[in-house]
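Listed here are the chains, written in short residue letters.
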Amino acid sequence: MTRSPDLEGRSVVVTGAAGGLGRADCLAVAARGAHVWVADVDEDGAHRVADEVAAAGGEATAVVHDVADPTSWAALAKGVEQAGPLHGLVNNAGVSLRLGILDTTVEQWEQVMAVNLSSVFYGMKTLAPALARAKGASVVNISSIAGMVGYFSATYGTSKWGVRGLSKVGALELAPHGIRVNSLHPGLTGTPLLHQAADTSFVDASLASVPDGRLADPDEIASVVCFLLSDASSYVNGAEIVADGGLTSGGLYHRILADLMSTP
């Protein structure tokens, strides 16, 4: 961790924090001086990340937390409120399912919506009082470039568009309470969520459409999260921040031109 005082003395909740982007967020937030609540349904994983933060000189509290369960959010809110004002919430937890409408079961639909979208609603609703007490707080809702363009996954694409829209509602509703709400839309990022399938053909083909020609490192996305949590973004509210190496900037044209150049 490279230490910086951007978030000194603040308190931040990160969900889905046991690995991947959530872990990177926790380490980056703690490195900037904040106390981080490492929230994840994986108890051992949450404690591992909290220990990692502490070993690097940061402050963290591991919390067993199911983002799809409103009662779990209520318990988290109680503990957070007892500790004092909350300055930041990173709704990071998410699952992916690469199936279209006809192949997606009702149970799969409900599960992905619960984890990816309902959790964002629960988080903002339940932790709003603690965030308001900070008199200047920030919510970062992790969406995806799948929430910026048409995407073949019925559940993932829909849920990430939902996060984008819900973030705008939150920005309007919570601004009078001193709470900013923005959505962050990462592109292809080197996390277990991206590499969950043994077949790498999807990732390999997707990389061909990234102008920067590579995956993002989780630390690069975590840096944007920290920017949105910090006073450096104090007038950024209701925005969608895209960090995708240029993937969505040119639509299909980057891929078309690349294909033309490779044609004999």
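The structure presented is a predicted model; accordingly, all values stated were derived computationally and were not measured.

What follows deals with the sheet that holds strand S5 (residues 137-142). Here seven strands make up an open sheet; going across it, the order is S3-S2-S1-S4-S5-S6-S7 and the pairing parallel. At either end of the open sheet lies a strand with only one pairing partner, and these are strand S3 (59-64) and strand S7 (240-243). Mean inter-strand twist for the sheet, computed between neighbouring axes without regard to direction, equals 20 degrees. Across five bridges, strand S1 (residues 11-15) lies against strand S2 (residues 35-40) in parallel orientation. Looking at the pairing, Thr15 lines up with Ala39 of S2. Across the face of the sheet, helix H4 (residues 106-133) comes into contact with S1, strand S4 (88-91), S5 and strand S6 (179-186) while running at roughly 175 degrees to S4. With respect to the sheet, helix H5 (residues 154-174) is in contact with S5, S6 and S7, its orientation differing from that of S6 by roughly 160 degrees.

A separate point is helix H3 (residues 70-83). Between its terminal C-alpha atoms H3 stretches 20 Å, which fits the 20 Å expected from 14 residues at 1.5 Å a residue. Looking only at H3, the buried set comprises Ser72, Trp73, Leu76, Ala77 and Val80. Around the axis of H3, the buried residues are gathered within 135 degrees of arc, so they sit on the same side. Seen from the open side of H3, the exposed residues pointing more than 90 degrees away from its buried face are Thr71, Ala75, Lys78 and Gln82. Against S1, S2, S3, S4 and H4 lie the buried residues of H3. Phi turns positive one or two residues past the end of H3, at Gly84, with a value near 125 degrees.

What counts and how
Residues numbered from 1 in each chain as written. Predicted model: local features only at pLDDT ≥ 70, side-chain atom pairs only at ≥ 80, totals over all residues. Heavy atoms only, no water. Pairing = 2+ DSSP bridges. Helix = DSSP H or I, 4+ residues; strand = E, 2+ residues; numbered from the N terminus. Axes fitted to C-alpha atoms, helices over the stretch in contact; angles between N-to-C directions. Contact = heavy atoms within 4.5 Å. Expected span 1.5 Å × (residues − 1). Buried < 20%, exposed > 50% of the residue type's maximum accessible area, 1.4 Å probe, protein only. Arc of directions from axis to C-beta.

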